[in-house]
Amino acid sequence: MRFRHPDGSTVHLAYCTNVHPAETLDGVLAQLRDHCEPVRRRLGRDRLGIGLWLAKDAAHALVTDPFALRGLRTELERRGLEVVTLNGFPYEGFGAEEVKYRVYQPDWADPRRLAHTTDLARVLAQLLPDDVTEGSISTLPLAWRTAYGQERATAAHTALTTLAERLDALHELTGRSLRIGLEPEPGCTVETTRDALAPLTAIGHDRIGICVDTCHLATSFEDPRTALDALTQARVPIVKSQLSAALHAEHPHLPEVRTALAAFDEPRFLHQTRTRTAAGLRGTDDLGEALAGDALPDASPWRAHFHVPLHAAPAAPLTSTFPVLRAALTRLVGGPDPLTRHLEVETYTWQALPPDLRPRARAQLADGIAAELTLARDLLTDLGLKELP
């Protein structure tokens, strides 16, 4: 979906396909048929943006087989889909029964991460629509925080600098300008937007910036305006923003609240949980840890890294951090010029929701994704953007 900003530029809205992960190219093609095109039809649009997730095997197949890459582009066009952004965070196995900490491997100190992201950039340069010259890729925020010393930090810096040089060369070769955004996430080396300032300014290249995920922003209790203004002041490019909402518990000390939270404690994904105290931010790596005994203070609200559907906040006594998303979006695109032009709805946890909230069929999932995109569209038009055909 495309929108005209009051400054005359085009803002793109997509939804991320990691919600129906596939490890192979055949799986990706099936996604387009079984999920993405039905969502487009529900929206009544001739064209729908998708934030494509390509596992390492699918990306490698595309970059080594020009015929396959042309075939994917043809299939996108045939089904009324377009790609201006990729999710390069998960490397492989995102559809596994247990993902948890595996999603942070390989990190940016591992040469495989540079190789995979380079593949993604080469693929995206060929998938961009003919009238679009700028693409974006989100990636993990350097590494998970443990076992990450100076040696690995230096290796990650070198890898990202090398990537920037490759993107420069790709731009010169293809005319397509691609940028990479580190995506701050709780528990990682770069947990907050503030944590991103030092490594990104040290790289000092406008092709390496930040991806602002509004669920992660909220989980870490960051104020959207303060965070985004600091990035702007430091001249850190906001490459893209993922529109998502976290789980919020206002009164975590109450037994009924803990019971409600326990329903979201599931085995597949990591749900880092945070609270604010007088001494600063406190947290656990997973929701189950927070619920176990006194692992996390419960005198103040808790927020958990669980991407809940944008249009359907959990039932009381829980809610979502949707107000943070709305405030962030207002700052991102509600001003005289947009801070980013790539927006992506990223609720990948539909099948991890409590059983009574999960979609039971493809049609229900498509309905839910279409409802999220409709809400995002309404937020954008309320900010003065005009939806384009």
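Calculation rules
Residues numbered from 1 in each chain as written. Predicted model: local features only at pLDDT ≥ 70, side-chain atom pairs only at ≥ 80, totals over all residues. Heavy atoms only, no water. Helix = DSSP H or I, 4+ residues; strand = E, 2+ residues; numbered from the N terminus. Buried < 20%, exposed > 50% of the residue type's maximum accessible area, 1.4 Å probe, protein only. Phe/Tyr/Trp six-rings, centres within 6.5 Å; stacked < 30°, edge-to-face > 60°. Arc of directions from axis to C-beta. Contact = heavy atoms within 4.5 Å. Pairing = 2+ DSSP bridges. Axes fitted to C-alpha atoms, helices over the stretch in contact; angles between N-to-C directions. Expected span 1.5 Å × (residues − 1). Bend = angle between axes of the 7 residues up to and from the residue.

### Points about unusual backbone geometry
Then, number 1: Going from Gln105 to Pro106, the amide bond is cis rather than trans, its omega being -10°.
Then, number 2: Secondary-structure assignment places Pro106 in the loop between strand S4 (81-87) and helix H4 (111-127).
Then, number 3: Geometrically, the link from Ala316 to Pro317 is a cis peptide bond, its omega value of 15° lying close to zero.
Then, number 4: Backbone geometry at Lys100 places phi at a positive 45°, although glycine is not the residue there.
Then, number 5: In this structure, Lys100 sits in the loop between S4 and H4.
Then, number 6: The exposure class assigned to Lys100 is buried, which follows from its relative accessible area of 13%.

### So, the packing of aromatic side chains
Centre distance and the angle of the planes are the two values used to describe a pair of aromatic rings.
Then, number 1: For the coordinates displayed, the defined rule picks out 8 aromatic pairs.
Then, number 2: Aromatic side chains Tyr101 and Trp144 sit 5.3 Å apart centroid to centroid with 85° between the ring planes, which places their arrangement in the edge-to-face category. Pair noted here: Tyr101 is in the loop between S4 and H4 and Trp144 is in the loop between strand S5 (134-139) and helix H5 (150-174), with a separation of 43 residues, a long-range link.
Then, number 3: For Trp144, a relative accessible area of 8% gives the class buried.

### Side note on helix H8 (residues 224-233)
Each turn of an α-helix holds 3.6 residues, which means side chains three or four residues apart point in the same direction.
Then, number 1: Those residues of H8 that sit buried are Pro224, Ala227, Leu228 and Leu231. Buried residues in H8, looked at end-on, bunch into an arc of 90°, giving them a common side. Residues of H8 that are exposed and point over 90 degrees away from its buried face: Thr226 and Gln233.
Then, number 2: The elements touched by buried residues of H8 are helix H6 (193-203), strand S7 (208-213), helix H7 (214-219), strand S8 (238-243) and helix H11 (322-333).

### Some thoughts on the sheet that holds strand S11 (residues 280-284)
Then, number 1: Strand order in this open sheet of 5 strands is S11-S10-S12-S9-S13, and the pairing throughout is antiparallel. Each edge of the open sheet is held by one strand with a lone partner, namely S11 and strand S13 (318-320). Strand after strand, the sheet turns through a mean of 30° between neighbouring axes, direction not considered.
Then, number 2: Here strand S10 (residues 273-277) runs beside S11; their pairing, made up of 5 bridges, is antiparallel. From the neighbouring strand, Thr273 faces S11, where its bridge partner is Thr284.

### Here we look at helix H1 (residues 25-43)
Then, number 1: Compared with an ideal rise of 1.5 Å per residue, which puts 19 residues at 27 Å, H1 spans 26 Å between its outermost C-alpha atoms and is within 8% of the ideal.
Then, number 2: If you look at H1, its biggest bend is around 35°, right at Leu32.
Then, number 3: Phi turns positive one or two residues past the end of H1, at Gly44, with a value near 65°.

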